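A look at the structure
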Amino acid sequence: MSKFEKRQQAVSNGSHGLVIGSGIAGLLAARVLLNHFAFVTVVERDSLPGKLGARSGVPQTVHSHGLLKRGNNILEQLFPGLEAELVGAGAILTDQISDTLTLIQGDAFPRCASDLIVPSCSRSLLEWSIRSRLLKCDRLQFLDATQVKKLLTDETKSRITGVQLLDRDTLQLGELTADLVVDASGRQSHAPKWLEELSYPTPAETKVNAFLGYTTRWYDRPQHLDADWKTLLVMSKSPRESRSGVLAAMEGNRWVLSLYGFNRDYPPTDEEGFLEFARSLSNLALYKAVKDAKPVSPIYSFRNTENRLRHYEKLKLPEGFAVMGDAVFALNPFYGQGMTTAAIGAIELDRCLDRQFRSRTDLTGLSDRFQQQLAQSLQAAWMMATNRDRVWLSPVDATTTGKKLNWIDRLSKQYWQEVEALLKSSPESYRSLMEIRHMVKTPTAMFNLKFASNVAKQVWNRKIANYK
Ligand SMILES: Cc1cc2nc3c(=O)[nH]c(=O)nc-3n(C[C@H](O)[C@H](O)[C@H](O)COP(=O)(O)OP(=O)(O)OC[C@H]3O[C@@H](n4cnc5c(N)ncnc54)[C@H](O)[C@@H]3O)c2cc1C
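Quick caveat: nothing in here was measured; it's all calculated off a predicted structure. (Residues numbered from 1 in each chain as written. Predicted model: local features only at pLDDT ≥ 70, side-chain atom pairs only at ≥ 80, totals over all residues. Heavy atoms only, no water.)

1. What to know about the pairing of strand 10 (residues 173-177)
Our working rule: Under the scheme applied here, a residue whose accessible area is under 20% of the maximum for its type counts as buried, over 50% as exposed, and between as partly exposed, the area being computed with a 1.4 Å probe on protein chains only. Strands are runs of DSSP state E lasting at least 2 residues, helices are runs of H or I lasting at least 4, and numbering of each runs from the N terminus. Each pair of strands is called paired provided DSSP finds at least two bridges between the two strands.
Burial along strand 10 is one-sided: Gly174 and Leu176 are buried, and none of Leu173, Glu175 and Thr177, which face the opposite way, are. Bridge analysis of strand 9 (residues 160-167) against strand 10 gives five bridges, and the strand direction is antiparallel. Directly across from Val163, in strand 10, lies its bridge partner Leu176. Hairpin connection, strand 9 to strand 10: the antiparallel pair is bridged by five residues, and Leu171 has positive phi, about 65°.

Here it is in structure tokens:
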């Protein structure tokens, strides 16, 4: 009996939720499906290592992955005690304001104790810790080295009834039925193609590309370090500078250094060029910290960083199908929102399923409701990433949007420049901005009376000074 037939037999005695992809979005989707279905299967293309480690299906794993406070809160809600477990495995609790030294040129952002405390650890450790929790549940099974090839439907094509699978070891095809299929297969998701094969329209896409390149290297963290920070961030002074970098303490007494270049100013991947890029940042502190540190990894690069939103919320989807994570909202990773938006998606899915099963026994209407709810709940994250990235769009940016920047774009570009200038002198504004960044406050807080009047005061004072 094939592994698919075995799983089919095991799930035939109750309701079954199936998740495509075991990245962070897939794992969190699986966790909430356990609240509503008798059995859950996670189908993963990669062979999943039985221990902590990188894998090819998630090439971003080797790059620094900061967790936002809101994401951490949701993880703790779904997996109580996870934060302590991560810390036990070496993750470093980091106050995002007091433990982080953020520099722009010669200026440091204000530092003070805050509630924005999150574990700093590698993406591998986080993914492995979540997967380990799920592995303990006997109602859930991972089918790894297995690729979803297409969606299966009922005769009328109105309902998804399961998936066709390829065993990547034996190259055998098989099928698995499910009441709900959740696509969490990331940026490379084939859901539009799968829908098209079933004669459904494909989602329209909105793209904003700041042409950001990532380059990352891991180091041994020096044991006797005379530093009052756990994370050191050197920011670019956009839009005049494209370069920035972050050095963060991780488990295993390591540092991870990621260098970023916007507007196609891609950081090099050769030894000398990489360090030279670090030296060229607006402040030398980061270069000085790593120049004599011992590298423990190659230099990794990643460039597919455009913001891409697939508008599933505008479609009429087949019943029994949902899409979440990067498969819907792929955001520029520079802002560190991806794992948190995946977590928000999981909570929305849980809520939608809760409501559904309170009023009905089947899933009719769930797909469209969920996609609409998801689009609404992630609007703020999309706005934060894309508004910031618009700074990099030229007045006529044919390569990304193909249209002229409108007055909103121009205004938000100017407002951002003012906000950046304000943060250095106003701890209160900086804390507010960090709370927005960590998604515990909505971006509208940036336009509230107090914040906006601080910005206006700054513009006014500058005008007066110039006049004199
Ligand atoms: C360079 C970089 C840095 C980042 N830094 C941060 C950060 O600091 N903070 C943060 O929160 N986020 C960060 N992110 C984003 C974050 O990695 C993702 O947003 C988040 O993990 C959610 O991804 P996902 O689970 O939707 O997709 P993925 O992590 O891409 O997972 C998709 C999974 O689906 C599997 N799969 C694909 N197709 C199939 C198929 N047909 N059948 C079966 N399985 C399939 C893949 O193998 C993979 O395991 C970063 C991303 C990048 C690229």
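2. Digging into the sheet that holds strand 4 (residues 100-104)
Read across the open sheet, the seven strands follow the order 5-4-14-15-16-13-17; overall the sheet is mixed. Unpaired on one side and paired on the other, strand 5 (107-108) and strand 17 (300-302) mark the two borders of the sheet. In this sheet, strand 16 (residues 254-261) lies alongside strand 13 (residues 213-220) in antiparallel orientation, the contact comprising eight bridges. Each residue of the ladder has a partner; that of Thr215, found in strand 16, is Leu259.

3. Re the nonpolar core
Test applied: Here the nonpolar core consists of buried residues drawn from Ala, Val, Leu, Ile, Met, Phe, Trp, Tyr and Cys, with membership extended through side-chain atoms lying within 4.5 Å. Residues are treated as being in contact if the distance between any of their heavy atoms lies within 4.5 Å.
Counting residues in hydrophobic clusters, the biggest one holds 97 residues, and the most contacted among them are Ile130 and Met324. Top contributing element to this core by residue count: helix 9 (residues 338-359), with nine residues. Every residue in contact with Ile130, bar those within four places of it in the chain, is listed here: Ile24, Leu27, Leu28, Leu75, Phe79 and Leu82. With 21 residues, the next largest nonpolar core counts Trp229, Trp255, Phe277 and Ala278 among its residues.

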